[in-house]
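Residue strings, one per chain:
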Amino acid sequence: MAAAPGDSLTTDADRMHATSDEAAALIDGVLAYARRRVLYEDVPLDKPLSPKDLARLAGDTITADGIGERRAISLFEHVLAPACLSTDHPAYLSFIPSAPSKASVAFDVIVSASSVYGGSWQEGSGAVFAENDVLHFLAREFGLPAEAGGVFVQGGTIGNLSALVAARDAARRRNRAAGREDPRRWVVVCSAEAHSSIASAADVMDIDIATAQPDAGGRLHGDAVARVLDEQGDAVFAVVATAGTTNFGIVDDIATIAEVTTARGVWLHVDGAYGLAAMLVPRMRQAFAGVEHADSVIVDPHKWLFAPFDACALIYRDPTGARRAHTQRAEYLDTLTEGADWNPSDLAVQLTRRARGLPLWFSLAAHGTERYRAAIDHGIELAKRIGDEIASREELSLVRDPQLSVVVFRREGWNAADYKAWSDRVLEEQLAFVVPSSHDGEPVLRFAIISPLTTFEKLVEILDTLR
Ligand SMILES: *Cc1c(COP(=O)(O)O)cnc(C)c1O
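Remember, it's a predicted structure, so these values are computed and weren't measured experimentally.

**Q** Report on the nonpolar core, specifying residues and quantitative values.
**A** In this structure, L138, F142, F288 and W304 are the most contacted members of the largest nonpolar core, which totals 68 residues. Summarising the domain contributions, this core has at least three residues from each of domain 2 (106–367) and domain 3 (369–464). When near neighbours in sequence (up to four residues on either side) are disregarded, F288 contacts A243, V251, I254, G275, L276, A278, M279 and L404. Ranked by size, the runner-up nonpolar core spans 30 residues in total, among them A163, A201, C312 and Y316.

**Q** Any chance you could break down the sheet that holds strand β9 (residues 406–411) for me, citing the residues and the numbers?
**A** Read from one edge to the other, the open sheet built from four strands follows the order β8-β9-β11-β10, with strand pairing classed as antiparallel. Since the sheet does not close on itself, it has two edges, and those belong to β8 (396–398) and β10 (437–439), each with one partner. Neighbour-to-neighbour, the strand axes of the sheet open up by a mean angle of 45°, direction not taken into account. With three bridges connecting them, β10 and strand β11 (residues 442–448) associate as antiparallel partners. Counterpart to S438 in the pairing with β11 is P443. Relative to β11, helix α15 (residues 416–428) is tilted by about 30°, and along the sheet it contacts β9 and β11.

**Q** Summarise unusual backbone geometry; cite the residues concerned and give the values.
**A** Residue F309 is joined to D310 through a cis peptide bond whose omega torsion reads -5°. Tracing the chain through its elements places D310 in the loop between α10 (301–304) and β7 (312–316). Residues other than glycine seldom take positive phi values, yet D440 does so here, at roughly 50°. Position of D440 among the secondary structure elements: in the loop between β10 and β11.

**Q** So what's going on with the sheet that holds strand β1 (residues 149–153)? Which residues, and what values?
**A** The seven strands are arranged β1-β7-β6-β5-β4-β2-β3 in an open sheet whose pairing can be described as mixed. Two strands bound the open sheet, and with one partner strand each, they are β1 and β3 (208–212). Each adjacent strand pair in this sheet contributes to an overall mean axis angle of 20°, direction not counted. Bridge analysis of strand β6 (residues 296–299) against β7 gives four bridges, and the strand direction is antiparallel. Paired with V299 across the two strands is A313, which belongs to β7. Packing of helix α6 (residues 156–177) onto the sheet brings it into contact with β1, β2 (187–191), β4 (236–242), β5 (267–271), β6 and β7, and relative to β7 it is tilted by some 15°.

**Q** Account for helix α8 (residues 222–232), with residues named and values stated.
**A** Residues three or four positions apart in an α-helix share a direction because the helix packs 3.6 residues into each turn. Of all the residues in α8, the buried ones are G222, A224, V225, A226, V228 and L229. Tucked inside the fold, the buried residues of α8 contact β2, β3, β4 and α9 (254–264).

**Q** Talk me through the site of the ligand; I want residue IDs and the actual numbers.
**A** Neighbouring the ligand are 14 residues; G156, T157, D271, D300 and K303 lie closest to it. Contact distances for the ligand include 2.7 Å between an oxygen atom and a side-chain N or O atom of T157. Between the ligand and K303 there is a distance of 2.9 Å, counted from an oxygen atom to a side-chain nitrogen or oxygen. Expressed as a share of its isolated accessible area of 380 Å², the protein-covered part of the ligand is 87%. Elements supplying a minimum of two residues to the shell around the ligand: α6 and α10. No other element matches the three residues that α6 contributes to the shell around the ligand. Here the residues of the shell around the ligand are counted per class, giving two nonpolar, nine polar and three charged.

**Q** Please set out the domain arrangement of the chain residue by residue, giving values where relevant.
**A** It is common to report an interface's size as the accessible area lost on association of the parts. Along its sequence, the chain is carved into domain 1 (20–86), domain 2 (106–367) and domain 3 (369–464). Computed from C-alpha coordinates alone, the two centres of domain 1 and domain 2 are separated by 36 Å.

**Q** Quick rundown of the pattern of salt bridges? Include the residues and the values.
**A** Evaluation of the coordinates by the stated rule reveals 27 salt bridges. Between R264 and D230 there is a salt bridge, with the nearest N and O atoms lying 2.8 Å from each other. Of this pair, R264 sits in helix α9 while D230 sits in helix α8; the two residues are 34 residues apart in sequence, bridging distant segments of the chain. Classification of R264 by relative accessible area gives partly exposed; the value is 38%. With a relative accessible area of 55%, D230 lands in the exposed category. For E395, the salt bridge goes to R467, with nearest N and O atoms at 4.0 Å. Taken as a pair, E395 in the loop between α14 (369–392) and β8 and R467 in the segment after α16 (456–464) lie far apart in primary sequence, 72 residues in all. For E395, a relative accessible area of 16% gives the class buried. Given a relative accessible area of 61%, R467 falls into the exposed group. Salt bridges linked by common partners bring E389, R393, E395, D464 and R467 together as one network.

**Q** So what's going on with the packing of aromatic side chains? Which residues, and what values?
**A** Under the definition given, this model contains 11 aromatic pairs. Centre to centre, the rings of F306 and Y372 are 5.9 Å apart; their planes meet at 50°, and the pair counts as tilted. Linking F306 in the loop between α10 and β7 with Y372 in helix α14, this pair joins segments that are 66 residues apart in sequence. Y372 carries the same exposure label as F306, and that label is buried. Following the ring pairs from residue to residue traces out a cluster consisting of Y92, F95 and F433. Here the basic side chain of R323 rests over the ring of W342, its NZ or CZ set 5.0 Å away from the ring centre. Lying over the aromatic face of F248, R400 brings its terminal NZ or CZ to 4.4 Å of the ring centre.

Scoring rules and cut-offs
- Residues numbered from 1 in each chain as written.
- Predicted model: local features only at pLDDT ≥ 70, side-chain atom pairs only at ≥ 80, totals over all residues.
- Heavy atoms only, no water.
- Core = buried A, V, L, I, M, F, W, Y, C linked by side-chain atoms within 4.5 Å.
- Buried < 20%, exposed > 50% of the residue type's maximum accessible area, 1.4 Å probe, protein only.
- Domains from an automatic or database assignment.
- Contact = heavy atoms within 4.5 Å.
- Pairing = 2+ DSSP bridges.
- Helix = DSSP H or I, 4+ residues; strand = E, 2+ residues; numbered from the N terminus.
- Axes fitted to C-alpha atoms, helices over the stretch in contact; angles between N-to-C directions.
- Near = heavy atom within 4 Å.
- Polar contact = N/O pair within 3.5 Å; in protein donor to acceptor, adjacent residues only side chain to side chain.
- Areas by Shrake-Rupley, 256 points an atom, 1.4 Å probe, with all protein chains shown as cover.
- Nonpolar A, V, L, I, M, F, W, Y, C, P; charged D, E, K, R; others polar.
- Salt bridge = Lys/Arg side-chain N within 4 Å of Asp/Glu carboxyl O.
- Phe/Tyr/Trp six-rings, centres within 6.5 Å; stacked < 30°, edge-to-face > 60°.
- Lys NZ or Arg CZ within 6 Å of the ring centre and 35° of its normal.

Written out as structure tokens, the structure reads:
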């Protein structure tokens, strides 16, 4: 690009960074699109395209001299974005959808604009302070003590891994202090219904999993955990309870599991990535009894706390122990790690970190906690209502009564191919995104309801296409 007359920029080196009319126009263009997207009345559901189609439509985008910001934004708006499913669409009902509040999305822009470093107190004290306010609010909701604290990490997978690494470190230190040998293989105990990220963490950590059998309703209880602990002995360093399975929203019997882990001095980790948000609804608190005994918990704001991707709140009962397990040591970091400051980097598998808790902080601060409780309750109520509707239809049946905001059901007489064809069709028609799931080898359908914009009428419209 040639320098415009009167433009103070003289070198290619500062052209991308210096303040100029050109920079202002670029920013206006980007923010204008962001504003349009966030304020869409009817978010398009959109659908994936093939690599071939995208290559044809997008052309060469990375060139020596650049294609210019206008063309790049236009390309994103008209070619690339429509090839991405809108996970915040009210009829996006697969996996776990996202439904970030307008406030949280808007503030995410500021997080980037401010170049905040969220890893250390020295560099990001204001941001870390605000993130900690949110973590302490959540810790109080979960009944954890005032000393509890943690960090926002990328997602539940990293949150679970980080918690288990801290748990194993605590067990190793205990053994060392007592002059005991470590077991040949460390073992973590969880339900057969636990999330796949626990198996992934076990792989990364090179440890074994011992599964405890849940009851017929998919719920894990303390007695089943106790039996596995009896078998596995001192090799077990942690038990994972799930506070809301991804498939069904089943909450383990955390209270009786906590009795067992407390009696035996084993770390209790509660994986509430999806479901623990429901504890913010007062009448649901009882379902999560026992969480207050956890040594660590996770909940994903990018799931049911209405924050944008990607954020997992990881909270430890004793952050000091977690810090011992996770702090990276290096000469260039000594100035950070040798002080008494609260450094979020030291609490998980990470170093450089975005202050990814800030979008949730801003939205919570702006709206207050009551709106959050109401918005979460919407999903629970709607799941119950559409569950009743499904049960009342002859051609449909519920696989299980919904516990949180997930509804699993079957269409009588359909096989896997029927489900697949239906799912493809309703996406093609842009009616809904509902992928077939399976339970005990049987193909089923599943609604995961997160968005407060998802309505009963919309879900009924989807059910009507199953006739
Ligand atoms: C989604 C989920 C995870 C994984 O979280 P990511 O943010 O996707 O990494 C872990 N556990 C449960 C119960 C989940 O629902």
